[in-house]
Amino acid sequence: MALMPKRVKYRKEMRRVRPRKATKGNYVAYGDYGLQALDGCWLKATQIEAGRVAAQHFLKREGKLFIRVFPDKPISKKPLETRMGTGKADVDYWAARVKPGTMLFEIAGVPEPTAKLAMVRAATKMPIRCRFVGRRIKV
Amino acid sequence: MHEKSPLLTAKHRERLGSRAAERVRKQGGLPAVLYGHGQTPTPIVLDLKEALAHIQKGEKVFRLDFPGSKDKDEGQMVLLKDLQFDYLGTRIVHADFARVDLNERVRTRVPIHLIGEAVGLKQAGAILMHPTNEIEVECPVHEIPDYIEVEITSLDVGHGIAAGDVKLPFADMKLITDPHAMVAQIVVQVEEKVGEATAAAGGPAEPEVLTAKKPAEGDAAKPAAGAKPAAGAKPAAGGDKKK
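Computed from a predicted structure; not experimentally measured. (Residues numbered from 1 in each chain as written. Chains lettered and ligands numbered in written order. Predicted model: local features only at pLDDT ≥ 70, side-chain atom pairs only at ≥ 80, totals over all residues. Heavy atoms only, no water.)

Mind showing me how you'd approach the overall build of chain A here?
Counting its regular elements, chain A contains 2 helices and 8 strands. Going from N to C terminus, chain A has its helices and strands arranged as β-β-β-α-β-β-β-β-α-β. For chain A, the residues scored as buried account for 45% of the 139 residues in total. Here the analysis covers contacts within chain A between residues at least 6 apart in sequence; of these, 81% occur between residues at least 24 apart. As presented, chain A carries roughly 7800 Å² of accessible surface, and 53% of it is formed by carbon and sulfur atoms. Charge separation in chain A, taken as the distance between the mean sites of 32 positive and 11 negative side-chain charges, equals 5 Å. (Helix = DSSP H or I, 4+ residues; strand = E, 2+ residues; numbered from the N terminus. Buried < 20%, exposed > 50% of the residue type's maximum accessible area, 1.4 Å probe, protein only. Contact = heavy atoms within 4.5 Å. Areas by Shrake-Rupley, 256 points an atom, 1.4 Å probe, with all protein chains shown as cover. Lys, Arg positive; Asp, Glu negative; His and termini not counted. Charge placed at Lys NZ, Arg CZ, Asp CG, Glu CD.)

Written out as structure tokens, the structure reads:
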């Protein structure tokens, strides 16, 4: 079972327009290095889990992996060969809203080459272009 | 510090707003603002390459030079207060500077450098966590350090160094950050299996809906109003409005 909320206010949600750029959650906050999304998407809970497993399997028991996105958006889908109408379909999967710039994963406690290799493995499980980043200059 | 402070070439920014600022950036400038000392905030432009070279070195205190104009801020000491980045965090798009005097006490953030190899890291699965990479301090401008070194050689598993434990380089330097904020800590990583943990705990397949209508006692036998037919089932005859 992949990630999903424990409780929600409403069962289903409208699709909504995705804003074009991430204005928050777009920097390395907890770890030393991170995987940043360069495109926007609805990232499925299963894809997040696949990325986490890929990175953590490579890291073995080293370092700490942070997941910076949570799939809290219910996505509904009508069954195949169903006529239109008769209301909104059942929830098919849960997704995280990802905008360009969103930080997906972060790693702490490992050297940069190891972190990079782990993030590359996680990036292969993502449906979008991603890049490996470090911490920003802080004032 | 006064002699060492790098000189930044600046000029006044006449046109304001996001479009004008973007034009400045395309011409190799860095839009910035200068404020403080009870004076009107002044929009200025810096040379991006020159400013970046100093900022990336960790410099915070600068002297402003307005060539060709007799400005009241000529030779003004300024403290870098804030940087704004673009959405990807790759490009600095704006900088904030505060007018300061050398003996004025200011609040600023100083990065922390961890020195040594901690004893606790020899244990399998132990990792060094440093949630706070910098601490906020109050000190005179001429005493702002480039960084503060923290010795972690004797740090063992389960122990940590809080901001209050950090030895400040000057006696009159005052710590502003919460003294309990953790600067360095050795923790043993426990492997978390997010998905499997949920499944093993027998968690529900669907989340609890807070606004869901609770079925009345008489309606218990009837199917729920929102219940869907099974996947692939044909809709009831005449059920569709459109033909």
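Which parts of the structure should I look at to understand the layout of surface pockets?
The space that makes up the largest pocket amounts to roughly 700 Å³. Around the largest pocket, the lining is made up of 25 residues, and of these A:Arg136, A:Ile137, A:Lys138, A:Val139 and B:Glu134 lie nearest the centre. Looking at the lining of the largest pocket, the elements that each hand over two or more residues are helix 2 (48-57), strand 5 (77-85) and strand 7 (105-115) of chain B. Ranked by the residues each element gives to the lining of the largest pocket, the list is headed by strand 5 of chain B, at 5 residues. Residues that form the lining of the largest pocket fall into these classes: 11 nonpolar, 5 polar and 9 charged. Both of domain 1 (1-100) and domain 2 (103-191) of chain B provide at least three residues apiece to the lining of the largest pocket. (1 Å grid on protein atoms, 1.4 Å probe; cavity = no way out; pocket = protein on both sides within 12 Å on 5 of 7 lines; lining within 4 Å. Points joined across faces, edges and corners; volume = space filled by probe spheres on them. Nonpolar A, V, L, I, M, F, W, Y, C, P; charged D, E, K, R; others polar. Domains from an automatic or database assignment.)

Please explain the confidence of the model for chain A as it appears in this structure.
Regions with low pLDDT carry predicted coordinates that are not meant to be interpreted in detail. Of all residues in chain A, 99% attain a pLDDT of 70 or more, and the chain-wide mean is 92. Mean pLDDT per element in chain A: strand 1 (residues 7-8) of chain A is the minimum at 92, and strand 2 (residues 33-37) of chain A is the maximum at 96. (pLDDT = per-residue confidence, 0-100.)

Where do I start with the interface of chain B and chain A in this structure?
Quoted interface sizes are often the accessible area lost when the parts come together. In this complex, chain B contributes 42 residues to the contact, which on the side of chain A involves 46 residues. Both sides of the chain B and chain A interface together cover about 3600 Å² of buried area, and 57% of this is carbon and sulfur. Among the ionic pairs, A:Arg7 bridges to B:Glu208, the shortest N-O distance being 3.7 Å. For the interface between chain B and chain A, the tally reads 8 residue pairs in polar contact (both at pLDDT 80 or more). Among the elements that make up the side of chain B that touches chain A, the one with the highest residue count is strand 5 of chain B (5 residues). Here the side of chain B that touches chain A is composed, by residue class, of 18 nonpolar, 11 polar and 13 charged. (Buried area = accessible area lost by both parts, 1.4 Å probe. Salt bridge = Lys/Arg side-chain N within 4 Å of Asp/Glu carboxyl O. Polar contact = N/O pair within 3.5 Å; in protein donor to acceptor, adjacent residues only side chain to side chain.)

Hey, could you run me through the sheet that holds strand 5 (residues 73-76) of chain A in this one?
Residues and elements named next belong to chain A. Across the sheet, which stays open at both edges, the 3 strands sit in the order 3-6-5 with antiparallel pairing between neighbours. This sheet does not close on itself; its edge strands, each paired only once, are strand 3 (41-44) and strand 5. With strand direction ignored, the average angle separating the axes of adjacent strands in the sheet is 50°. (Pairing = 2+ DSSP bridges. Axes fitted to C-alpha atoms, helices over the stretch in contact; angles between N-to-C directions.)

Got a minute to help me understand empty space enclosed by the protein in this structure?
Rolling a probe over the atoms, with the probe sized like a water molecule, indicates the empty space that remains. Residue and element names in this part refer to chain B. A complete count under the given rule lists 2 cavities of 30 Å³ or more for this structure. Looking at the largest cavity, its volume works out to about 70 Å³. In terms of lining, the largest cavity is formed by 10 residues, of which the most central are Gly58, Glu59, Lys60, Ile144 and Asp146. In terms of residue class, the lining of the largest cavity is built from 5 nonpolar, 1 polar and 4 charged. A domain-level breakdown of the lining of the largest cavity finds at least three residues from each of domain 1 (1-100) and domain 2 (103-191). Approximately 50 Å³ is the volume attributed to the second largest cavity.

Quick question: what am I supposed to make of the confidence of the model for chain B here?
All names here are of chain B. Summing up the model confidence of chain B, the mean pLDDT is 81 and the portion of residues at 70 or higher is 81%. This stretch, residues 197-201, has a pLDDT under 50; its non-local contacts, to residues over four places away or in other chains, come to 3 contacts. Of the two predicted TM-score estimates for the complex, the pTM is 0.80 and the ipTM is 0.85.

Can you help me understand the packing of helix 1 (residues 45-59) of chain A against helix 2 (residues 112-123) of chain A in this one?
When two helices pack together, you describe them by how their axes are tilted relative to each other and by the distance separating the axes. All names here are of chain A. At a closest axis distance of 7 Å, the pairing of helix 1 and helix 2 adopts a crossing angle of 150°. Put simply, helix 1 runs roughly antiparallel to helix 2. Helix 2 is crossed by helix 1, and the crossing has right-handed handedness. Residues Gly51, Ala54, Ala55, Phe58 and Leu59 of helix 1 form the contact with helix 2, whose participating residues are Thr114, Leu117, Ala118, Arg121 and Ala122. Classifying every residue of the contact of helix 1 with helix 2 gives 7 nonpolar, 2 polar and 1 charged. (Parallel < 35°, antiparallel > 145°, perpendicular 65-115°, else oblique. Left-handed = near helix turned anticlockwise from the far one by under 90°.)

How should I be thinking about the nonpolar core in this particular structure?
Within soluble globular proteins, side chains that are nonpolar tend to cluster in buried spots. All names here are of chain B. Core analysis: the largest hydrophobic core is formed by 27 residues, its most contacted members being Ile135, Ile152 and Leu155. Of all the secondary structure elements, the ones that give two or more residues to this core are strand 5, strand 7, strand 8 (126-129), strand 9 (134-140), strand 10 (148-151) and strand 13 (182-188). Two domains each donate at least three residues to this core, and these are domain 1 (1-100) and domain 2 (103-191). Beyond its immediate stretch of four places on either side in the chain, leucine 155 contacts Ala118, Val119, Gly120, Leu128, Gly160, Ile161, Ala184, Gln185 and Ile186. (Core = buried A, V, L, I, M, F, W, Y, C linked by side-chain atoms within 4.5 Å.)

Could you clarify how one ought to interpret the pattern of salt bridges in this entry?
Two side chains with opposite charge may pair up if their charged atoms get near one another. All names here are of chain A. Applying the stated criterion to the full structure yields 13 salt bridges over all chains. A salt bridge links glutamate 106 to arginine 68, with the shortest nitrogen-to-oxygen separation between them at 2.3 Å. Of this pair, glutamate 106 sits in strand 7 (residues 103-108) while arginine 68 sits in the loop between strand 4 (64-67) and strand 5; the two residues are 38 residues apart in sequence, bridging distant segments of the chain. Arginine 68 sits in the partly exposed class, given a relative accessible area of 23%.

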